[in-house]
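Examining the three-dimensional arrangement
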Amino acid sequence: RLENFQASWLLPLRAIILGGGIALVLALLFSFRLSRRLVTAVQALTGYSRQLGQASPPTALSAPLTGVNELDQLRHDLQLTEDTLHQRQQATAALAGELEKRQRRYRTIAGVGALVFWEADSQGAMRSTTGWATLTGRTEAAALGHGWEDSVHPQDLPVIASTWAVSIAGNTTLDVEFRVASGQQQW
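The structure contained in this document is the topic of the report that follows. (Residues numbered from 1 in each chain as written. Predicted model: local features only at pLDDT ≥ 70, side-chain atom pairs only at ≥ 80, totals over all residues. Heavy atoms only, no water.)

Turning to the overall build of the protein, a few remarks are in order. What the protein contains, in helices and strands, is five helices and two strands. Element order for the protein, N to C, with α for helix and β for strand: α-α-β-β-α-α-α. Against the 2.2 N^0.38 benchmark of 16 Å for 187 residues, the protein shows a C-alpha radius of gyration of 39 Å, more extended than a compact globule. With the principal axes as the frame, the protein shows a C-alpha extent of 135 × 30 × 25 Å. Across the protein, contacts joining residues at least 24 apart in sequence account for 37% of those joining residues at least 6 apart. Accessible surface, the protein: about 13,800 Å² in total, of which carbon and sulfur atoms supply 60%. Here the protein contributes 16 positively and 16 negatively charged side chains, and the mean placements of these two sets differ by 15 Å. (Helix = DSSP H or I, 4+ residues; strand = E, 2+ residues; numbered from the N terminus. Rg over C-alpha atoms; globule rule 2.2 N^0.38 Å. Contact = heavy atoms within 4.5 Å. Areas by Shrake-Rupley, 256 points an atom, 1.4 Å probe, with all protein chains shown as cover. Lys, Arg positive; Asp, Glu negative; His and termini not counted. Charge placed at Lys NZ, Arg CZ, Asp CG, Glu CD.)

Now for the layout of surface pockets. The calculated volume of the largest pocket comes to roughly 1,300 Å³. Considering the residues around the largest pocket, the lining is formed by 36 residues, among which Val116, Phe117, Trp118, Leu174 and Asp175 are closest to the centre. For the lining of the largest pocket, the elements supplying multiple residues, two or more each, are α2 (69–112), β1 (117–120), β2 (126–130), α3 (132–136) and α5 (157–170). Element by element, the count of residues in the lining of the largest pocket is highest for β1, at four residues. Partitioning the lining of the largest pocket into residue classes produces 17 nonpolar, 13 polar and six charged. (1 Å grid on protein atoms, 1.4 Å probe; cavity = no way out; pocket = protein on both sides within 12 Å on 5 of 7 lines; lining within 4 Å. Points joined across faces, edges and corners; volume = space filled by probe spheres on them. Nonpolar A, V, L, I, M, F, W, Y, C, P; charged D, E, K, R; others polar.)

Take the pairing of β2 next. In this sheet, β2 lies alongside β1 in antiparallel orientation, the contact comprising four bridges. Considered in β2, the bridge of Ala120 is made with Met126. Counted between consecutive antiparallel strands, the loop separating β1 from β2 contains five residues, among which Gly124 sits at a positive phi close to 90°. (Pairing = 2+ DSSP bridges.)

What follows is about the nonpolar core. Grouped burial of nonpolar side chains is what soluble globular proteins tend to show. In terms of nonpolar packing, the biggest core is built from eight residues, these being Val116, Met126, Trp132, Ala143, Trp148, Val152, Ile160 and Val180. Excluding anything up to four places from it in sequence, Ile160 contacts Trp148, Val152 and Phe178. Grouped together as the second largest cluster of nonpolar side chains are five residues, Leu45, Tyr48, Leu71 and Leu78 included. (Core = buried A, V, L, I, M, F, W, Y, C linked by side-chain atoms within 4.5 Å. Buried < 20%, exposed > 50% of the residue type's maximum accessible area, 1.4 Å probe, protein only.)

Right, let's get into the pattern of salt bridges. This model, assessed by the stated rule, comprises three salt bridges. A salt bridge links Arg127 to Glu119; the nearest nitrogen and oxygen atoms lie 3.3 Å apart. Classification of Glu119 as partly exposed rests on a relative accessible area of 44%. We note a salt bridge from Arg179 to Asp156, for which the minimum N-O separation is 3.0 Å. One end of the pair, Arg179, is in the segment after α5; the other, Asp156, is in the loop between α4 (140–143) and α5, and 23 residues separate them in sequence. The exposure class of Asp156 is buried, given its relative accessible area of 12%. (Salt bridge = Lys/Arg side-chain N within 4 Å of Asp/Glu carboxyl O.)

What is shown is where atoms sit, not what they do.
What follows is the structure in structure tokens.
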């Protein structure tokens, strides 16, 4: 009979459909869980990498290990990048502090002593000076450009010129002593 024939394959068909449905639900749950885990890790890594470029230190990296080699390597590389940036920031801050300390020291020495610190271009034109007014009695503005040469003892000008040439050729700082006319018209 036709009903007996159809009954023989309908029961296994129902089991196959039920088993396929259960497998599909399990596959969807597994896929959802895996994708959620990967998306969470990618979002954490993206947020962390954005923080690396900002001035404030980033919050701790909360991306979990995913078991995906590429994401785990990216996590590791971002942590190395943070360490490198932190070391560079510390070194830059230390250098800036040292530079500020040296500048304050030189300005203090120049302000209270008979020392003049100045910055000039490659042709010897003075761009800035500290201590010139205290030493010579003339304004620092009068020393700018080549005005400072008017106060130098004539015998010292050739020594300055030769030392200047050596300093420019070697791209070094210039450290030379020479006589200048003081406010009391003394050398």
